[in-house]
Amino acid sequence: MNSRGMAADRHIPVLRDRIVELLAPALTGPGAVYLDGTLGMGGHAEAILESCPQARLVGIDRDQEALALAAERLDRFAGRTTFVHAVYDEVPRALAEAGVTHVDASLYDLGVSSLQLDETDRGFSYSQDAPLDMRMDQSTGITAAEVLNTYSATDLEGILREFGEERFARKIAAAVVRERETEPFTTSGRLVELLKKAVPAASQKSGGHPGKRTFQALRIEVNAELSVWARALPGVIDALGVGGRVAVLSYHSLEDRITKRVLAQGAKGSSPQGLPVELPEHAPYLRLLTRGAEEASAAEQAANPRSASVRLRAAERTRLSTATKGNHR
């Protein structure tokens with residue numbers, strides 16, 4: 001057993017029942033394929049496999065520890081599960097490794113996982129002093145410490161402003177560059193101390209912890225989250241068969257903006273203005289299953305604080321578009 005503890009004891013899946021409600025109708029047939037693009041510790045996958053006894057899971061995650069914990073949690077479904085170590089925009093490779101050609105339903109639960117937040121040695125949390133790593137896949141890529149110690153003040157300001165929506169990005173970037181000349185950044189505790197000094201006290205009172213936006217920006221940069229997501233969502237829609245469904249849980253406005261744009265584009269079609277008749281190839285290929293973005297109930301937010309910022313969007317594939325590769329059923 002993993003020394004960090006059982007996944008089921010540590011992870012409360014956000015909007016679990018609503019996800020099952022949205023995706024289960026597409027997973028009733030024999031051999032139906034459920035793709036969990038951000039498997040994490042397997043909470044949503046467990047609920048889907050319990051509710052859809054004929055479905056099989058292809059679960060992908062870039063975090064190898066998460067895959068191991070999920071495999072433990074889902075051991076009783078061993079004959080119906082395939083796990084792939086991959087980033088969530090690598091759907092074609094993951095499906096090829098699983099030996100499947102299309103997806104009937106898919107879930108993406110974006111952002112940092114419960115596992116990554118809870119493990120103090122990963123550096124994701126501003127509430128614990130830890131090495132500044134923040135890589136979801138610790139086997140590859142640049143760390144948060146390397147970003148802080150090597151990026152120019154202009155580049156640091158840019159990622160803090162764009163990815164963290166940080167009002168004091170320029171002041172923080174200048175302070176980081178000044179402080180790293182004395183000693184390189186290695187731990188989250190030192191960065192938090194810098195942020196407490198750089199962010200005005202009045203803003204800390206009204207805007208929450210001074211590390212919130214900077215830590216979010218560093219995590220997004222380290223893991224290239226937004227560019228990966230912008231590639232991933234069109235890719236998973238392309239893998240859906242007709243009648244297939246996709247659901248997305250986003251936790252900040254930048255992710256949700258990408259999701260909203262891609263789903264809305266598929267749901268409104270591409271007919272040029274002024275055409276008297278909509279040509280079949282320009283017809284919508286998605287049907288939205290949510291009205292806008294759904295939020296967690298007050299009761300769920302109270303029971304699971306990590307659900308407070310969630311935004312859920314979902315859609316169903318209604319036809320194969322000209323951009324679709326392969327012959328999905």
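Residues numbered from 1 in each chain as written. Predicted model: local features only at pLDDT ≥ 70, side-chain atom pairs only at ≥ 80, totals over all residues. Heavy atoms only, no water.

Some points on the packing of aromatic side chains
No. 1: The final tally for this structure, using the stated rule, is three aromatic pairs.
No. 2: The interplanar angle of 50° and the centroid separation of 5.1 Å between the aromatic rings of Tyr108 and Trp229 together place this pair among those described as tilted. You can see Tyr108 sitting in strand β4 (residues 103-109) and its partner Trp229 sitting in helix α12 (residues 225-239), a full 121 residues away along the chain. Each member of the pair Tyr108 and Trp229 is classed as buried.
No. 3: Its end group placed over the ring of Tyr88, Arg62 keeps NZ or CZ at 5.7 Å from the ring centre.
No. 4: Its end group placed over the ring of Phe185, Arg190 keeps NZ or CZ at 4.2 Å from the ring centre. (Phe/Tyr/Trp six-rings, centres within 6.5 Å; stacked < 30°, edge-to-face > 60°. Helix = DSSP H or I, 4+ residues; strand = E, 2+ residues; numbered from the N terminus. Buried < 20%, exposed > 50% of the residue type's maximum accessible area, 1.4 Å probe, protein only. Lys NZ or Arg CZ within 6 Å of the ring centre and 35° of its normal.)

Describing the sheet that holds strand β2 (residues 56-61)
Backbone-to-backbone hydrogen bonds join strands into a sheet, with any given pair of strands oriented parallel or antiparallel.
No. 1: If you trace the seven strands from one edge of the open sheet to the other, you get β3-β2-β1-β4-β5-β7-β6, paired in mixed fashion. Looking at which strands have only one partner, the edges of the open sheet turn out to be β3 (81-85) and β6 (286-288). If you compare each strand with its neighbour and ignore which way they point, the axes differ by 15° on average.
No. 2: Across six bridges, strand β5 (residues 240-250) lies against strand β7 (residues 311-317) in antiparallel orientation. When the bridges of β7 are listed, Ala247 appears paired with Ala314.
No. 3: Across the sheet, helix α1 (residues 16-23) is in contact with β1 (33-36), β4, β5 and β7; its angle to β5 comes to roughly 165°.
No. 4: Those strands touched by helix α13 (residues 253-268) are β5, β6 and β7, and its axis lies near 25° from that of β7. (Pairing = 2+ DSSP bridges. Axes fitted to C-alpha atoms, helices over the stretch in contact; angles between N-to-C directions. Contact = heavy atoms within 4.5 Å.)

Details of the UniProt feature "binding site: S-adenosyl-L-methionine" (unreviewed entry) in the protein
No. 1: The feature "binding site: S-adenosyl-L-methionine" (unreviewed entry), as given by UniProt, occupies Gly42, Gly43, His44, Asp61, Tyr88, Asp109 and Gln116 in the numbering adopted here.
No. 2: With respect to the helices, strands and loops of the structure, Gly43 is situated in helix α2 (residues 43-51).
No. 3: Judged by its relative accessible area of 2%, Gly43 falls in the buried class.
No. 4: Among the structural elements, His44 can be located in helix α2. (UniProt positions renumbered as here; feature names shortened; annotations may be inferred.)

So, empty space enclosed by the protein
No. 1: If you walk through the whole model with that rule in mind, you get one cavity of 30 Å³ or more.
No. 2: In this structure, the largest cavity spans a volume of roughly 30 Å³.
No. 3: Listed by contribution, the elements that provide at least two residues to the lining of the largest cavity are α7 (153-163), α8 (169-180) and α11 (212-223).
No. 4: Broken down by element, the residue count for the lining of the largest cavity peaks at three residues, all from α8.
No. 5: Residue classes in the lining of the largest cavity are distributed as seven nonpolar, one polar and no charged. (1 Å grid on protein atoms, 1.4 Å probe; cavity = no way out; pocket = protein on both sides within 12 Å on 5 of 7 lines; lining within 4 Å. Points joined across faces, edges and corners; volume = space filled by probe spheres on them. Nonpolar A, V, L, I, M, F, W, Y, C, P; charged D, E, K, R; others polar.)

Considering α1
No. 1: Those residues of α1 that sit buried are Ile19, Val20, Leu22 and Leu23. Take α1 and look down its axis: the buried residues cluster within an arc of 165°, on one side only. Pointing more than 90 degrees away from the buried face of α1 are the exposed residues Asp17 and Glu21.
No. 2: Check the buried side of α1 and you find it contacts β1, α2, β4, β5 and β7. (Arc of directions from axis to C-beta.)

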